[in-house]
Amino acid sequence: MEPKKLAIIATKGSLDWAYPPFILASTASALGYETQIFFTFYGLQLLKKKLSLEVTPLGNPGMPMPMGMDKWFPVLGLTLPGMQGMMTAMMKKKMQSKGVASVEELRDLCQEAEVKLIACQMTVDLFDMNTADFIDGVEYAGAAAFFQFAGESDICLYI
Amino acid sequence: MADFDQELDASGLNCPLPILRAKKTLNAMTSGQVLHVVATDPGSVKDFDAFAKQTGNELMESKEEGGKFHFLIKKS
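Since this is a predicted model, take the numbers as computed values, not measurements. (Residues numbered from 1 in each chain as written. Chains lettered and ligands numbered in written order. Predicted model: local features only at pLDDT ≥ 70, side-chain atom pairs only at ≥ 80, totals over all residues.)

### A word on the overall build of chain B
Each helix and strand counted, chain B has two helices and four strands in total. Its helices and strands taken in sequence order, chain B reads β-α-β-α-β-β from the N to the C terminus. Counting only C-alpha atoms and orienting by the principal axes, one finds that chain B spans roughly 30 × 25 × 20 Å. When each of the 76 residues of chain B is scored for burial, the buried share is 30%. When contacts within chain B are restricted to residue pairs at least 6 apart in sequence, long-range pairs at least 24 apart make up 60% of them. (Helix = DSSP H or I, 4+ residues; strand = E, 2+ residues; numbered from the N terminus. Buried ≥ 20, exposed ≤ 12 C-beta atoms within 10 Å, placed from the backbone. Contact = placed C-beta atoms within 7 Å.)

### Some thoughts on the overall build of chain A
Across its full length, chain A carries six helices and five strands. Secondary structure elements in chain A, listed N-terminal to C-terminal, are β-α-β-α-α-α-β-α-β-α-β. Seen through its C-alpha atoms, chain A measures out along the principal axes to roughly 55 × 35 × 25 Å. For chain A, long-range pairs separated by at least 24 residues make up 78% of all intrachain contacts whose partners lie at least 6 apart in sequence.

### Focus on the sheet that holds strand 4 (residues 68-74) of chain B
Residue and element names in this part refer to chain B. Across the sheet, which stays open at both edges, the four strands sit in the order 1-2-4-3 with mixed pairing between neighbours. Single-partner strands in this sheet number two, and they are strand 1 (6-10) and strand 3 (58-65). Ignoring which end each strand starts from, the neighbouring axes of this sheet average 15° apart. Of the strand pairs in this sheet, strand 1 and strand 2 (residues 34-39) are connected by five bridges, and their pairing is parallel. Bridged to Leu8 within strand 2 is Val37. Those strands touched by helix 1 (residues 17-27) are strand 1, strand 2 and strand 4, and its axis lies near 160° from that of strand 1. In the packing of helix 2 (residues 44-55) onto the sheet, contacts are made with strand 2, strand 3 and strand 4, and the angle to strand 3 comes to roughly 175°. (Pairing = 2+ DSSP bridges. Axes fitted to C-alpha atoms, helices over the stretch in contact; angles between N-to-C directions.)

### Brief notes about the confidence of the model for chain B
Per-chain confidence: chain B averages 95 in pLDDT, with 99% of residues scoring 70 or above. Across the predicted assembly, pTM comes out at 0.88 and ipTM at 0.85. (pLDDT = per-residue confidence, 0-100.)

### A few points about the interface of chain A and chain B
The partner chain B presents 11 residues to the 11 residues of chain A that form the contact. It is helix 1 (residues 15-30) of chain A that provides the largest number of residues to the side of chain A that touches chain B, a total of four residues. Broken down by class, the residue content of the side of chain A that touches chain B amounts to six nonpolar, four polar and one charged. (Nonpolar A, V, L, I, M, F, W, Y, C, P; charged D, E, K, R; others polar.)

What follows is the structure, encoded as structure tokens:
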């Protein structure tokens, strides 16, 4: 029987949004899906060897804040220097304490499970990104190559 | 709990790690062997059921005991 196929487009480059593509791709692989992730625009940050992903509370009213900060912290306070770094550190600590995998770990699991990771060549050129900064095993292609796989996929997600 | 060939302690791990670890462990086992998974993630109850249905491995037993979730999976 032909395996089912999952095609994902990953467009976001923040710590919180790094999770959905890697969680879904690794799980789909465990279920027997053939899986590809196409990384474009800010999603390319997820392919860097050294990840420096952060999470921002700005423009994100749904983000649960630690210690009731949302009650006494004015929105402007969230723009203070260092605030994003602090929120990122808190989020990482929280994830670790809850047994949530790191992005690196999930990405490794995806590669182990032969999830195909494809970088958008156009965005790499647009942002003058150095492909030496990306992990090994990444392929470079464009929109047409994505459709070749996505057109035959059972599930296609834009994240 | 029935006999099993291998045990995987996924306590403290959150979605999707228990499933991924189980899959990896099953890969190294032979057909007909039974894996006992222990997990603390409440979501794993539905997840292991779905995992079994989609991969063809049989979920022989799924129960909660002492605040932990136990699964017996027979490799197809």
